Structure formats: structure tokens, C-alpha cells
Amino acid sequence: MLLLFILMIISIFCIYSATQTQPDYSQSYIKMMYYYGFGFIVLFIMLFFNYKLLLRFSPMYYFIGVGLLVLLFFKGDTINNAQGWFILPGGIGFQPAEFCKLILILFLSYFLSKRKVETLSVFKEILPMGIITLVPFLLVLMQPDLGNSIAYLVIFIVVCWFGHMNYKHAWIGLVIMIIVSGSSIWSYIQYHAEIKEFMASKHKEYWLDRIDAVLLPELASEKATYHMKKSVTAIGSGSLEGDGYLHGTSVQSGQVPYTYADSIFVVIGEEFGFIGASVLLFLYFVLIYRMITIALSIRSQTGIYIIGGISAMFLFQVFENIGMLIGIMPITGITLPFISYGGTSLLINMVSIGFVLSIKIYDDIDIDDIDVSYDRKPYSMVQTGI
């Protein structure tokens, strides 16, 4: 909870710095305060619910999430060339792709909890879990949202690993991934002109811009490389100690797009330098370390699956978000957890932490042990001292 409070302070101050010279977004830091307030309320409420009870409904969550992803193609709103949002009353944006990451973790964990096997079978466990993952992966990829779609694959791999995947199967899978990835990159470079011509005929050439910026920067358009170049320059100019709060040249002049959202790490890198960036990474390390220590201390294997998936989700988002701003990953629309502006992302992250805490609190309490009679407190609340 202390870590979340520190991350909240960092987020609000960075969003203020990123938007003080942009009148259209100058109130974003206040909205983020509201989002955090609501997020803490939701997190607190989750402490009163046994996660095992919530997990029972994960198949329903999954079908609702997939249904929302399908509905996006008919009723969704397009932001930054991605049709992945619902604009709710009051101008609030809701992104189902963020929602489905946690849903996928819960459903895969629920599936494994029903199997109760020592090592995963390729056909009985891994293949069905792969199909479960493939459906939202393809729907999100078609929006297109490369960042969140890759996050689904990372979640699938890590949950399988925590579910005791056979080492032989893991090595085979790794070799296949290397071969497929290498072949895809080689084919993309070798037949780039043909691929670009085909995508242009479908009016989807912008799909390639972000990939070109990393793989083929010499062939990429200035527009495709602008975001990455400006981000790298801004972070590099921060040097060791940074230019000072509210004094980042690139940030305050608006040269880097979306510094209040996906590119908020640029604010930290330019205004607080290497030291500030290192402190943020250390906070993420401690957060994930605490989740792993909880996973090591509980007896519930299902709880371990969930915490493993949530840890992987956070770790990948941090790596992808920072990596795309320093030029080692393609630019995607993925947020920096707990720091970037965004209600959907923050709410899902807070709910995820709520699940981790619920797993810790109710680890020794089975659903059948919960007494909900009116004459005394539920057994689960007595046991936890609430």
C-alpha cells in the first residue's frame, strides 16, 4: 500500500509537469487524483471478498471480455488509429483490452485449478490454454493494439510456467518461438516492399510504421521515427540528475507526444535524470518482489498462478513502455503501470493488487468455511481480524 501511495504521488506530479503547458489537458492530474481515489476504494472493498469466490465466475468474465472486444468492431471509438475504446458518458474512455488482461489471468488460473495435475500436458492443458489466449490476442491485434496483444502471450507463457510446464516442452516452445520470430523478422525485411504495398492496398500501412522505426529505421518515414527519436533525445538530455522538475525542455515544449500518458517516462528521464529513472525502476522491483514473496508464502496453487500472471503483466508493461521510449522496442499504446494517465489501466492495476492482497488474506480460508449468518460476523472476517 505504501508503494502504491508513492507511485500515486509520482504519477500526479509527472502528469502535472507534462500538461501544464497544454491547456486541453491541464486538468488531467486532477482527474488522475479522482481515478486513484476510486482505485483505492475498489482495492479496499476487495479485501472483504475471498478471491476464491470471485474466481468461480472467471468463465463468465472471460466471455464478457471477449464479447466487449467483438463489440468494439461495431461500436468502438478510434483513438490513435486503434479502434479499441468505448467513450462512456462524461467523456470517460474505457479500453476493454486492459480489462481482458486480468480476466485472462483469472480464467487461465481457474482452468488450471480444475485440472490439478503435477505437470502440464500439451494436449490437455497447454493447447486449450493457448486457444483461450489466442481469441483475445487476435481480437486485440486486429484493433490494432500490438502492446496489449503481446501482453496476453506473456501472461500465457508465465502462467504455464508457474503451472509446472514440462522442461522439455518449455525448451521446445522456446526453440519454436526463436525460429518463428527469426523467420518472421527475416521475411519482413526481405519482402518489405511487397508487404508494404499489400498493406497500403488495405489502407493499413500505418500498421508497419512502428515496426519500421525499430527494424528498418533507414526506410521508415520521418513521422514513424519522430516519436522514438524525440523520446530518446529527451531522456538522454536528462543525464544523471535531470534538468529539474518543470524544466524539461522537450517535455515543456511539447516535442514528445503523449508525455502525460504512454510517454510519461520521458518526463522522469528528462527532468529527474538517470537517478530518478533508477528510483522508479527500484519501486517497480520492490512491488514485484513483494508479490513474489507473497506467492512463495501461500499454500494455494491457484493463488500462485494468479500472482505469477499479475507479476508478468506488470513486468512486461514496464519493459515494453520504457523499451519503446529508449529505442529497443516498437512504439505501442501500452501504459506505464500506476504512472501513466488513464482510468481503465489504473483501475485494472488496482484491482490486480486487490487480488494479490485477497490471496494473502484468505489463503487459509476455503469458501465452504465462510459463515454469512446474520447473528455474527462472517468467519473469514473474524479470522483476518476485520
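Residues numbered from 1 in each chain as written. Predicted model: local features only at pLDDT ≥ 70, side-chain atom pairs only at ≥ 80, totals over all residues. Heavy atoms only, no water.

The chain has the name FtsW/RodA/SpoVE family cell cycle protein in an unreviewed UniProt entry, where Paenibacillus chondroitinus is given as its organism. We quote the UniProt Subcellular location (unreviewed entry) comment for the chain here in full: "Membrane". (UniProt positions renumbered as here; feature names shortened; annotations may be inferred.)

Undergrad: Would you mind showing me how to read the overall build of the chain here?
TA: Along the backbone of the chain there are 16 helices and three strands. Taken along its principal axes, the extent of the C-alpha atoms in the chain is 65 × 45 × 40 Å. Across the 386 residues that make up the chain, the buried fraction comes to 47%. Roughly 19,300 Å² of accessible area belongs to the chain as shown, and the carbon and sulfur atoms make up 68% of that amount. The positive charge centre, built from 22 side chains, and the negative charge centre, built from 26, are 8 Å apart in the chain. (Helix = DSSP H or I, 4+ residues; strand = E, 2+ residues; numbered from the N terminus. Buried < 20%, exposed > 50% of the residue type's maximum accessible area, 1.4 Å probe, protein only. Areas by Shrake-Rupley, 256 points an atom, 1.4 Å probe, with all protein chains shown as cover. Lys, Arg positive; Asp, Glu negative; His and termini not counted. Charge placed at Lys NZ, Arg CZ, Asp CG, Glu CD.)

Undergrad: Looking at this structure, I do not really get the packing of aromatic side chains. What am I missing?
TA: Each aromatic ring pair is characterised by the separation of its centres together with the angle its planes make. Applying the stated rule across the entire model yields 16 aromatic pairs. Aromatic rings pair up to connect Tyr25, Tyr35, Tyr260 and Tyr341 into one cluster. (Phe/Tyr/Trp six-rings, centres within 6.5 Å; stacked < 30°, edge-to-face > 60°.)

Undergrad: I would appreciate a short explanation of a nonpolar patch on the surface in the present structure.
TA: Taken together, the side chains of Val70, Leu71, Phe73, Phe74, Leu134, Leu138 and Met142 make up a nonpolar region of the molecular surface, amounting to roughly 630 Å² of accessible area. Among the elements of the structure, helix 4 (58–75) and helix 6 (122–141) are those that each provide at least two residues to the nonpolar patch. With four residues, the single largest contributor to the nonpolar patch is helix 4. Relative to the helices and strands, Val70 is located in helix 4. (Patch = residues over 30% accessible without salt bridge, like charges linked within 9 Å, V, L, I, M, F, W, Y side chains within 5 Å. Salt bridge = Lys/Arg side-chain N within 4 Å of Asp/Glu carboxyl O.)

Undergrad: Sorry, what's going on with the packing of helix 4 against helix 5 (residues 96–115) here?
TA: To describe two helices that pack against each other, one gives the angle between their axes and the distance between the axes. At a closest axis distance of 9 Å, the pairing of helix 4 and helix 5 adopts a crossing angle of 150°. Taken together, helix 4 and helix 5 sit at an angle that is classed as roughly antiparallel. In this structure, helix 4 crosses over helix 5, and the sense of that crossing is left-handed. When helix 4 is examined against helix 5, the residues Ser58, Pro59, Tyr61, Tyr62, Gly65, Val66, Leu68, Leu69 and Leu72 are found in contact with a partner set consisting of Pro96, Ala97, Phe99, Cys100, Ile103, Leu106, Phe107 and Tyr110. (Axes fitted to C-alpha atoms, helices over the stretch in contact; angles between N-to-C directions. Parallel < 35°, antiparallel > 145°, perpendicular 65-115°, else oblique. Left-handed = near helix turned anticlockwise from the far one by under 90°. Contact = heavy atoms within 4.5 Å.)

Undergrad: What is the right way to read the side chain of Thr133 from this model?
TA: Within the secondary structure layout, Thr133 lies in helix 6. Overall, Thr133 belongs to the buried group, its relative accessible area being 1%. Looking at Thr133, its side chain comes within polar contact range of the main-chain oxygen of Met129, at 2.9 Å. With residues near it in sequence (within four places) discarded, Thr133 still touches Leu104, Leu108, Tyr152, Leu153 and Phe156. (Polar contact = N/O pair within 3.5 Å; in protein donor to acceptor, adjacent residues only side chain to side chain.)

Undergrad: How should helix 1 (residues 2–19) be read in this particular structure?
TA: Count 3.6 residues to each turn of an α-helix, and residues three or four apart come out pointing the same way. Its 18 residues place the ends of helix 1 26 Å apart at the C-alpha level, agreeing with the 26 Å of an ideal helix rising 1.5 Å per residue. Looking only at helix 1, the buried set comprises Leu3, Leu4, Leu7, Met8, Ser11, Ile12, Cys14, Ile15, Ser17, Ala18 and Thr19. If you follow the buried residues of helix 1, they end up packed against helix 2 (28–46), helix 12 (249–252), helix 13 (264–297) and helix 15 (343–361). (Expected span 1.5 Å × (residues − 1).)

Undergrad: How should the nonpolar core be read in this particular structure?
TA: As a rule of thumb, soluble globular proteins bury nonpolar side chains together. Grouped together as the largest cluster of nonpolar side chains are 95 residues, with contacts concentrated most on Tyr36, Met291, Ile310, Leu336 and Phe338. The biggest single contributor to this core is helix 13, with 14 residues. Residue contacts for Leu336: discarding those within four places in its chain leaves Ile264, Phe265, Leu280, Tyr284, Val318, Asn321 and Ile322. (Core = buried A, V, L, I, M, F, W, Y, C linked by side-chain atoms within 4.5 Å.)

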